[in-house]
Amino acid sequence: MIRTGVRCTLGVGSRRQNVRFCCNRLSAASAWCSAVVPAPIEQVWAKARQFDVPDIKASDMIADITLDQSATAVGCLRTIALPGVDGAPGPKVYETLVALDDDEKYVKYRIMPYGDKYPEGESPFPGKVIDYNAKMQCTPVTATNETFITWGAQWKSDKPAETEAMVNGIFTALISAISAANAQK
């Protein structure tokens, strides 16, 4: 069973203003998804730690993933092409690998700020999103030799509920793909 959740906080005033987007109302939001994968942590982590997530390329949520360097190099830029409508190319998401810890078994990444990579007006999200940081972590379930996997993110947005629905859909697809790939072994 995959569990999801969301937490939103409204931010108003100059403290939370973002001049780049000309927004004076951004909400801080977070989403998470978790599941128990019926496989030992070593097997799950061997695949989940790869920033190009090879088992997920075939997912309906992702059309293609490309990297600018090794899939485990901190600083690696991951470009995810999302599927478009009626066969048209979809939007792209640009993410940077911030940390990979093999001892604690987690990956942290952030979405590139829009001024850095995204063409003007192009956004993969329903609204304006800034300060998006995510973490995926695997933890052993020692009693059953399975793996507890969590995927979570925090961001600020002018449309937090719509963004949360999109992010939870992606996280659910990612965890489902990892679970399915590991169940086949």
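Residues numbered from 1 in each chain as written. Predicted model: local features only at pLDDT ≥ 70, side-chain atom pairs only at ≥ 80, totals over all residues. Heavy atoms only, no water.

Student: Any chance you could explain the packing of aromatic side chains here in plain terms?
Tutor: To describe a pair of aromatic rings, you give the distance between the ring centres and the angle between the ring planes. Enumeration according to the criterion identifies 4 aromatic pairs in this entry. Among the aromatic residues, those joined into a ring-pair cluster are Phe125, Tyr132 and Trp155. Across the ring face of Tyr109, the terminal group of Arg78 is positioned such that the distance to the ring centre comes to 4.9 Å. One Lys or Arg, Lys135, reaches over the ring of Tyr106 and ends 4.6 Å from the middle of that ring. (Phe/Tyr/Trp six-rings, centres within 6.5 Å; stacked < 30°, edge-to-face > 60°. Lys NZ or Arg CZ within 6 Å of the ring centre and 35° of its normal.)

Student: Please clarify how the confidence of the model for the protein chain should be interpreted in this entry.
Tutor: Caution applies to low-pLDDT regions: their predicted coordinates should not be interpreted in detail. Taken over all residues, the pLDDT of the protein chain has a mean of 77, while the share at 70 or more is 75%. pLDDT under 50 marks residues 4-24. Its contacts with residues more than four places away, or in other chains, come to 49 contacts. (pLDDT = per-residue confidence, 0-100. Contact = heavy atoms within 4.5 Å.)

Student: Whenever I open this one, the packing of helix α1 (residues 41-48) against helix α3 (residues 160-183) confuses me. Can you help?
Tutor: Axis angle and axis distance: for two packed helices, these are the angle between their axes and the distance between the axes, and together they describe the pair. Between α1 and α3, the shortest axis-to-axis distance is 10 Å and the interhelical angle comes to 125°. Comparing their axes, α3 and α1 come out oblique. Handedness of the α1/α3 crossing: right-handed. Note on element contacts: α3 touches α1 through Ile178, Ala181 and Asn182, opposite Gln43, Val44, Lys47 and Ala48. Here the contact of α1 with α3 is composed, by residue class, of 4 nonpolar, 2 polar and 1 charged. (Axes fitted to C-alpha atoms, helices over the stretch in contact; angles between N-to-C directions. Helix = DSSP H or I, 4+ residues; strand = E, 2+ residues; numbered from the N terminus. Parallel < 35°, antiparallel > 145°, perpendicular 65-115°, else oblique. Left-handed = near helix turned anticlockwise from the far one by under 90°. Nonpolar A, V, L, I, M, F, W, Y, C, P; charged D, E, K, R; others polar.)

Student: How should I be thinking about the nonpolar core in this particular structure?
Tutor: Note that soluble globular proteins tend to have their nonpolar side chains buried in a common cluster. Within the largest apolar cluster, 38 residues are counted, with the highest numbers of intra-cluster contacts made by Tyr132 and Phe171. Of all the secondary structure elements, the ones that give two or more residues to this core are β2 (25-37), α1, β4 (77-83), β5 (89-101), β6 (106-111), β7 (129-141), β8 (146-157) and α3. Ranked by residues supplied to this core, first place goes to α3 with 7 residues. If we ignore the near neighbours within four places in the chain, the residues touching Tyr132 are Tyr109, Arg110, Ile111, Phe125, Ala153, Gln154, Trp155, Val167 and Phe171. (Core = buried A, V, L, I, M, F, W, Y, C linked by side-chain atoms within 4.5 Å. Buried < 20%, exposed > 50% of the residue type's maximum accessible area, 1.4 Å probe, protein only.)

Student: Looking at this structure, how should I read empty space enclosed by the protein?
Tutor: Rolled over the atoms, a probe with the dimensions of a water molecule shows which regions are left empty. Scanning the model with the defined rule gives 2 cavities of 30 Å³ or more in all. Taken together, Ala48, Arg49, Gln50, Phe51, Val53, Arg78, Val107, Tyr109, Met136 and Trp151 make up the lining of the second largest cavity. By residue class, the composition of the lining of the second largest cavity is 7 nonpolar, 1 polar and 2 charged. (1 Å grid on protein atoms, 1.4 Å probe; cavity = no way out; pocket = protein on both sides within 12 Å on 5 of 7 lines; lining within 4 Å. Points joined across faces, edges and corners; volume = space filled by probe spheres on them.)

Student: Mind showing me how you'd approach the pairing of β6 here?
Tutor: Every regular strand shows the same layout, with side chains that alternate between the two sheet faces. As judged from the 6 bridges shared by β5 and β6, these two strands associate in the antiparallel manner. Paired with Leu100 across the two strands is Val107, which belongs to β6. The antiparallel hairpin formed by β5 and β6 contains 4 residues in its connecting segment, where Lys105 sits at a positive phi of about 55°. In this sheet, β7 lies alongside β6 in antiparallel orientation, the contact comprising 5 bridges. Looking at the pairing, Val107 lines up with Met136 of β7. (Pairing = 2+ DSSP bridges.)

Student: It is not clear to me how the pattern of salt bridges should be interpreted in this structure. Could you clarify?
Tutor: Pairs may arise between side chains of opposite charge once their charged atoms sit close together. For the structure shown, the criterion picks out 3 salt bridges. Among the salt bridges present, the one from Asp102 reaches Arg49, with a minimum N-O distance of 2.8 Å. Of the two residues, Asp102 is situated in the loop between β5 and β6 and Arg49 in the loop between α1 and β3 (64-67); the sequence distance between them amounts to 53 residues. Note on Asp102: relative accessible area 35%, which makes it partly exposed. Here Arg78 and Glu95 are joined by a salt bridge, their closest N and O atoms 2.6 Å apart. (Salt bridge = Lys/Arg side-chain N within 4 Å of Asp/Glu carboxyl O.)

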